[in-house]
Structures are given as structure tokens and as C-alpha cells.
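The lines below spell out each chain.
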Amino acid sequence: MMAQAQQDDKLNLAPKKFNMWIFIFTSFMFFAALTSGFIVYSGGTGHGINAKMPSAFMYSTAAILLSSVTMYLASAAAKGLQFAKQRMYLWLTIALAVVFFAIQVYAWYVLVTQMGIYFSNPNASQSFIYVFTGMHLVHILAGIALLGNTLWRSYRNTPQVKNLFNMQLSSIFWHFVDIIWIYLYVFLLLNQY
């Protein structure tokens with residue numbers, strides 16, 4: 001009876017996992033379209049960013065990379081039935097996500113106050129910095145909500161099949177958000193001058 005219930009849970013969860021992959025694919029295409037738009041604009045007008053990226057972006061990159069490590073450790077702990085460790089690593093991942101978010105907002109502050117780069121700008125290449133990072137921060141907020149939901153469910157002692165499923169969805173999304181930031185950061189570095 002228990003095996004049948006677990007099998008039913010797996011079958012009911014499969015469409016949700018498929019939806020996550022569809023969302024990730026569309027998000028990837030969205031960021032690819034944004035970077036393509038930047039390339040077309042900057043190539044056609046001869047306008048580059050003409051500014052060095054704030055060093056805060058480097059620190060936020062370190063925070064998000066570390067959060068991927070803690071997310072991996074949370075997943076491993078969940079698979080090993082170490083629920084206290086799972087929760088601890090999820091809390092660390094959420095904390096690092098908040099740190100990433102705060103550093104990104106600080107980078108915007110640096111762009112405005114120290115570099116004079118505003119969102120509304122005659123050089124739209126510089127405006128793209130805000131578009132790239134802003135859209136990524138929207139995904140970070142979604143990731144924080146997903147991580148928070150997974151953490152909350154872990155405290156509710158959900159069945160292990162669902163616990164692992166929640167961890168898997170959170171991991172897929174969080175590692176995707178990490179990879180997208182690396183892509184955007186490298187793209188910005190390559191196009192800063």
C-alpha cells in the first residue's frame with residue numbers, strides 16, 4: 001500500500017517537474033533575447049557600455065556561487081535523511097541569496113552615485129546593465145520564494161518522496177539562476193569597453 005502511494009506521488013509530481021523545465025527554457029530564451037538585443041543595439045550604433053563594471057558584481061558572484069554549494073549540500077542531506085542539515089543548508093542558501101540581492105542593489109547605487117550611469121540614459125547600452133541585473137533579481141526573488149517554500153515544507157515533515165521532489169525543483173531552479181548570473185556577468189565584463 002505504501003509503495004503504491006509513493007508511486008502515485010511520483011506520477012502526480014512529474015508534470016510539475018516538466019513545467020519547471022519549460023519555465024527554465026523560456027527564462028533562458030528571455031535572457032538570450034536580452035543579450036541579443038544588446039548586441040544588435042551596441043553593434044548598430046557603435047555605443048558600448050564605456051564603463052567598468054562595479055566590483056560589487058564580483059562579490060555578488062562569489063555569494064551566488066557559494067549559495068550553489070550550500071544548495072548542493074542541502075540536497076545531499078535530504079537524500080541522506082539528514083533533515084537538520086538539510087534545513088541548515090537551506091537557511092544558508094536563502095541567506096546567501098539575500099546577500100546576493102543586497103550586493104546587486106548596492107552595485108546599482110555605485111552605478112548611479114559614483115559612475116553617473118542611470119537607467120534612463122542616452123546610451124541605452126548602459127541602460128541594459130539595469131535590465132539584465134533587474135530581470136535576474138526578479139528570478140532571484142522567485143528562487144528565494146521557492147527555497148522558502150521548500151524549507152517550510154521540510155519543517156512540516158512532508159513524506160520523503162515530496163521532500164526530495166521539492167529539493168530537486170529548488171535545486172534545478174537555483175542552479176539555473178546561478179548559471180544565468182555567471183553568463184550575464186561574463187557578458188557584461190566582455191562588453192564593458
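Residues numbered from 1 in each chain as written. Predicted model: local features only at pLDDT ≥ 70, side-chain atom pairs only at ≥ 80, totals over all residues. Heavy atoms only, no water.

1. Here we look at the overall build of the protein chain
Then step 1. A count of helical and extended segments in the protein chain gives 5 helices and 0 strands.
Then step 2. Viewed in the frame of its principal axes, the protein chain has a C-alpha envelope of about 65 × 30 × 20 Å.
Then step 3. Here the protein chain holds 193 residues, and 44% of them are scored as buried.
Then step 4. Within the protein chain, contacts between residues at least 6 apart in sequence are counted, and of these 85% link residues at least 24 apart.
Then step 5. Looking at the protein chain as shown, the accessible area adds up to about 10200 Å², and 70% of this sits on carbon and sulfur atoms. (Helix = DSSP H or I, 4+ residues; strand = E, 2+ residues; numbered from the N terminus. Buried < 20%, exposed > 50% of the residue type's maximum accessible area, 1.4 Å probe, protein only. Contact = heavy atoms within 4.5 Å. Areas by Shrake-Rupley, 256 points an atom, 1.4 Å probe, with all protein chains shown as cover.)

2. Notes on the side chain of Gln104
Then step 1. In this structure, Gln104 sits in helix H3 (residues 83-113).
Then step 2. What Gln104 contacts, discounting residues up to four positions off in sequence, is Phe57, Ser60, Thr133, Leu137 and Trp181.

3. Brief notes about the packing of helix H2 (residues 56-79) against helix H4 (residues 124-155)
Then step 1. Two numbers describe how H2 lies on H4: the axes approach to 14 Å, and their chain directions differ by 25 degrees. With respect to each other, H2 and H4 are oriented roughly parallel. The interaxial crossing formed by H2 with H4 has left-handed handedness. In this structure, H2 contributes Phe57, Ile64 and Met71 to the contact, and H4 contributes Ile129, Thr133, His136, Ile140 and Leu147. (Axes fitted to C-alpha atoms, helices over the stretch in contact; angles between N-to-C directions. Parallel < 35°, antiparallel > 145°, perpendicular 65-115°, else oblique. Left-handed = near helix turned anticlockwise from the far one by under 90°.)

4. Considerations on H2
Then step 1. For H2, with 24 residues, the first-to-last C-alpha span of 35 Å sits near the 34 Å given by 1.5 Å per residue.
Then step 2. Where H2 ends, the next residue or the one after it, Leu81, has phi of about 60 degrees, a positive value. (Expected span 1.5 Å × (residues − 1).)

5. What about the environment of Ile103?
Then step 1. For Ile103, the location among the structural elements is in helix H3.
Then step 2. Distance in space between the C-alpha atoms of Ile103 and Tyr59 is 7.4 Å, their sequence separation being 44 residues.

6. Some remarks on a positive patch on the surface
Then step 1. Together, Lys16, Arg153, Arg156 and Lys162 line one region of the surface with positive charge.
Then step 2. Judged by its relative accessible area of 55%, Arg156 falls in the exposed class. (Patch = residues over 30% accessible without salt bridge, like charges linked within 9 Å, V, L, I, M, F, W, Y side chains within 5 Å. Salt bridge = Lys/Arg side-chain N within 4 Å of Asp/Glu carboxyl O. Lys, Arg positive; Asp, Glu negative; His and termini not counted. Charge placed at Lys NZ, Arg CZ, Asp CG, Glu CD.)

7. Side note on a nonpolar patch on the surface
Then step 1. A contiguous nonpolar patch, built from Leu66, Val69, Tyr72 and Leu73 and spanning about 370 Å² of accessible area, is present on the exposed surface.
Then step 2. Along the chain, Leu73 falls in helix H2.

8. A look at unusual backbone geometry
Then step 1. One non-glycine residue, Leu81, adopts positive backbone phi at about 60 degrees.
Then step 2. Positionally, Leu81 belongs in the loop between H2 and H3.

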